[in-house]
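Chain and residue survey
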Amino acid sequence: MFDFLQNLEDSERPLLGPNFWLINKTGLLLPKTNFGKLAYILVHEIVTFFVVTQYVELYVIRSDLDLVLTNLKISMLSIVCIVKVNTFVFWQTSWREVLEYVNEADKFERNQTDETRGKIIETYTKYCRRLTYFYWSLVFTTFLTTTNTPLMRYWSSPIFREHLRNGTEDFPHIFSSWMPFDKNHSPGSYCTIVWHVLLCAYGAAIMAAYDTCIVVIMVFFGEKLNLLRERCKKMLANDLYNHAFVIGQLHDIHVQLI
């Protein structure tokens, strides 16, 4: 595990290495090739269509309040997921500019030799790594729990197993969604399981990639202000400091930040 995490480090992206790797793998950042772009966009829109089927199912089961509430617990989260995906793809150019700025600004700060600013950089880098990896672990645990809930219900309840055998209970599915075939009996039930597991894995990866990337960017912007504060302190505290150079540097940083 530690070797895998170490391989995610990128000397060209000392802060965003793991985050950049995951948003590339999930297709939030589209590949340069036309085929790659089309492939990822197709996957994103297939998942969007799946969310539509969840709301179709919601209409079908509208008379059963328990089933409606079960559906809404997942379908509302699914809406959030596809909004994140499609807005990231739609504003792809703007997101690339933000990521490029954060990367270049972070590398610029790391190339400056100053003990105080070096401690700030080290602190926010460690914080972002811990936040990213802990959140990935949380999302992965949630994925395992969600996909195995029907199985745990089947194993833990003899009454449910009996009701499932005599037909008084429907086949337990991970999500509540409409399917164009009988999803409560074989082979349709097993096709539905595979479909739901794949979509759940995709959704978990998207949430992990998007959320951690956004939080790391926000952490960097906050710490960038602290780094600017330290530059201003040093400029005002030392008469021998090259004030003209520092003022010009601060102006450039301000313009880029805005």
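Residues numbered from 1 in each chain as written. Predicted model: local features only at pLDDT ≥ 70, side-chain atom pairs only at ≥ 80, totals over all residues. Heavy atoms only, no water.

Overview of the overall build of the protein
When you go through the protein residue by residue, the secondary structure sums to 9 helices and 0 strands. Mapped in sequence order, the helices and strands of the protein form the string α-α-α-α-α-α-α-α-α. Taken over the C-alpha trace, the protein has a radius of gyration of 24 Å; the compact-globule value for 258 residues is 18 Å, which it surpasses by more than 25%. When its C-alpha atoms are laid out on the principal axes, the protein stretches across 90 × 40 × 35 Å. Looking at the protein residue by residue over its 258 residues, the buried ones come to 40%. A fraction of 65% describes how many contacts in the protein between residues 6 or more apart in sequence connect residues 24 or more apart. Taken together, the 24 basic and 25 acidic charged side chains of the protein have centroids lying 2 Å from each other. (Helix = DSSP H or I, 4+ residues; strand = E, 2+ residues; numbered from the N terminus. Rg over C-alpha atoms; globule rule 2.2 N^0.38 Å. Buried < 20%, exposed > 50% of the residue type's maximum accessible area, 1.4 Å probe, protein only. Contact = heavy atoms within 4.5 Å. Lys, Arg positive; Asp, Glu negative; His and termini not counted. Charge placed at Lys NZ, Arg CZ, Asp CG, Glu CD.)

Let's talk about helix H5 (residues 92-110)
Relative to the 27 Å expected for 19 residues at 1.5 Å per residue, H5 spans 27 Å between its end C-alpha atoms, a close match to the ideal helical length. For H5, the complete set of buried residues consists of Gln 92, Trp 95, Leu 99, Tyr 101, Val 102, Asn 103, Ala 105, Asp 106 and Glu 109. (Expected span 1.5 Å × (residues − 1).)

Observations regarding a nonpolar patch on the surface
Together, Phe 49, Val 52, Val 56, Tyr 59, Val 60 and Trp 178 give the surface a local cluster of nonpolar side chains, amounting to about 590 Å² of exposed area. Tracing the sequence through the fold places Phe 49 in helix H3 (residues 34-60). Residue Phe 49 is classed as partly exposed on the basis of its relative accessible area, which comes to 49%. (Patch = residues over 30% accessible without salt bridge, like charges linked within 9 Å, V, L, I, M, F, W, Y side chains within 5 Å. Areas by Shrake-Rupley, 256 points an atom, 1.4 Å probe, with all protein chains shown as cover. Salt bridge = Lys/Arg side-chain N within 4 Å of Asp/Glu carboxyl O.)

What about the packing of H3 against helix H4 (residues 65-90)?
At a closest axis distance of 9 Å, the pairing of H3 and H4 adopts a crossing angle of 155°. With respect to their mutual orientation, H3 and H4 come out roughly antiparallel. In terms of crossing hand, the pair formed by H3 and H4 is left-handed. Contacts from His 44, Glu 45, Val 47, Thr 48, Val 51, Gln 54, Tyr 55, Glu 57 and Leu 58 in H3 reach Val 68, Asn 71, Leu 72, Ile 74, Ser 75, Met 76, Ser 78, Ile 79, Ile 82, Val 85, Asn 86 and Val 89 in H4. Each residue belonging to the contact of H3 with H4 can be placed in one class, and the counts come to 12 nonpolar, 7 polar and 2 charged. (Axes fitted to C-alpha atoms, helices over the stretch in contact; angles between N-to-C directions. Parallel < 35°, antiparallel > 145°, perpendicular 65-115°, else oblique. Left-handed = near helix turned anticlockwise from the far one by under 90°. Nonpolar A, V, L, I, M, F, W, Y, C, P; charged D, E, K, R; others polar.)

Considering the UniProt feature "transmembrane region" (unreviewed entry) in the protein
The feature "transmembrane region" (unreviewed entry), as annotated in UniProt, sits at residues 38-56, 133-155 and 193-221 in this numbering. As a span, residues 38-56 carries 100% helix and 0% strand, and end to end its C-alpha atoms are 27 Å apart. Within residues 193-221, the helical portion is 100% and the strand portion 0%, while the C-alpha atoms at the span's ends are 42 Å from each other. (UniProt positions renumbered as here; feature names shortened; annotations may be inferred.)

Observations concerning the nonpolar core
Core analysis: the largest hydrophobic core is formed by 47 residues, its most contacted members being Leu 15, Ile 23, Leu 28, Leu 99, Val 102, Tyr 124 and Phe 220. Elements supplying a minimum of two residues to this core: helix H2 (17-25), H3, H4, H5, helix H6 (115-156) and helix H8 (188-237). (Core = buried A, V, L, I, M, F, W, Y, C linked by side-chain atoms within 4.5 Å.)

Here we look at H3
The terminal C-alpha atoms of H3, which comprises 27 residues, lie 39 Å apart, in line with the 39 Å expected from a rise of 1.5 Å per residue. Burial in H3 covers these residues: Gly 36, His 44, Val 47, Thr 48, Phe 50, Val 51, Thr 53, Gln 54, Glu 57 and Leu 58.

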